[in-house]
Amino acid sequence: MPVASVRPDYAALQKTPVSEDPFPHIVVPDFIRPDDLTALHGSLPQITSGGSFPPDALTLSPLVKDLIAQMEGPELRDLIADKFGLDLHDAPVMLTMRGRTREKDGRIHRDSTAKRVTVLLYLNLPDAAFQRQEGCLRLLRGPDDVENYAAEISPTRGTLVVFPNCETSWHGHRRYVGPRYTIQLNYMETGSKARSELRRHKLSALAKRLPFAA
C-alpha cells in the first residue's frame, strides 16, 4: 500500500543528546524511517544540475510536499529550540532542496551569519560512493583540513543533522559528483542581512523554474 504521508521520528530527536565535539550538534539516523525513506526517494523530483532550489522552483509529489510542510512547522521548531536552549518562535524559515553535488561543492565553510540554525535532512539510499566516504558530511575542528573531523555523517538513512551557526561550525565533505538529495532548513536571524537573503531566496524560486522541475 503506498505511503500517504511521512511521520518523522520526533521521539528519536527528543531523546538524542546534543554532542559538543567539535561544536554543538545533533545527529539522528532514521529520522525518516526506512519504509518512508524508500517511498520518498521514489517520489523525489528529478534534479540534474547542482545548486539549491526553493520548493516553489520544483514540481513536488504530495509526499514531498507533506514532508516539507512538517519541516517548516512548529513541532520540529519547538524540539530544536528546546534542545539548544534557543528562542526560535519568531525566526523566519528558509528551506531549499539539493539533488546533485558538483566537484566544487563540499568545500570547508561556515554558514552565513544570517542563519541561526542549520537543519539538514538526507534522503539518499545507500551508495558505494558514500561507503567510500565520498560526499559524507564532516563536522570539522578547523577551517583548513577536511580530514581533521570530529564527526562524519553519511547522507543516507533519512539522517537529520542540526547545529546552531557559530564561529567554529566548520563543515564540508570529500569530493563527490553525483546524485545527493538533501533538504536544508534554516532558522534565520531577523536583521537586514537575513531579510536580504530571504528576498534572494524568493527571487530564486522564480528564476529556477527549469524544465527538469516538471
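Structure first, text after, so check above.
Each value, and the rule that gives it
- Residues numbered from 1 in each chain as written.
- Predicted model: local features only at pLDDT ≥ 70, side-chain atom pairs only at ≥ 80, totals over all residues.
- Heavy atoms only, no water.
- Pairing = 2+ DSSP bridges.
- Helix = DSSP H or I, 4+ residues; strand = E, 2+ residues; numbered from the N terminus.
- Axes fitted to C-alpha atoms, helices over the stretch in contact; angles between N-to-C directions.
- Contact = heavy atoms within 4.5 Å.
- Buried < 20%, exposed > 50% of the residue type's maximum accessible area, 1.4 Å probe, protein only.

Colleague: With reference to specific residues and values, describe the sheet that holds strand β6 (residues 160–164).
Modeller: What the 5 strands build is an open sheet, ordered β1-β6-β3-β8-β2; its pairing is antiparallel. Edge positions in the sheet fall to β1 (26–28) and β2 (93–101), since each of these pairs with one other strand and no more. Going across the sheet, the axis of each strand differs from the next one's by a mean of 15 degrees, ignoring polarity. Note that β2 and strand β8 (residues 178–188) share 8 bridges and pair antiparallel. The partner of M94 across the bridge, within β8, is N186. Contacts between helix α3 (residues 62–71) and the sheet are confined to β2, β3 (115–122) and β8, with β8 contributing the most and set at about 30 degrees to the helix.

Colleague: How would you sum up helix α4 (residues 74–84)? Please name residues and give values.
Modeller: Of all the positions in α4, only L76, R77, L79, I80, A81 and F84 are classed as buried. G85, located one to two residues past α4, shows a positive phi value of around 65 degrees.

Colleague: I'd like a rundown of the pairing of β6, residues and numbers included.
Modeller: Taking burial as the measure, the 5 residues of β6 include 5 buried ones, the bulk of the element. Residues of β6 alternate between two faces, with L160, V162 and P164 on one and V161 and F163 on the opposite face, all of them buried. Note: β3 against β6, 5 bridges, orientation antiparallel. Bridge pairing in β6 links L120 to V161.

Colleague: Outline the environment of A129, supporting the account with residue identities and numerical values.
Modeller: With respect to the helices, strands and loops of the structure, A129 is situated in helix α5 (residues 128–131). The class of A129 is buried, set by a relative accessible area of 6%. As a C-alpha pair, A129 and Y176 span 47 residues in sequence and 7.8 Å in three-dimensional space. A129 has contacts with E134 and Y176, leaving out every residue within four places of it along the chain.

Colleague: Residues and numbers for the sheet that holds strand β7 (residues 171–172), please.
Modeller: The 3 strands lie next to each other as β5-β4-β7, forming an open sheet whose pairing is antiparallel. Looking at the sheet topology across the chains shown, the edges are occupied by β5 (149–153) and β7. As paired strands, strand β4 (residues 137–140) and β7 are joined by 2 bridges and run antiparallel to one another. Along β7, the bridge assignment pairs L139 with H171.

Colleague: Report on unusual backbone geometry, specifying residues and quantitative values.
Modeller: The amide bond that connects D21 to the next residue, P22, takes the cis arrangement and shows omega of 5 degrees. Counting through the fold element by element, P22 comes out in the loop between α1 (10–15) and β1. The backbone of R157 sits at a positive phi, close to 65 degrees, despite the residue not being glycine. Along the polypeptide, R157 turns up in the loop between β5 and β6.

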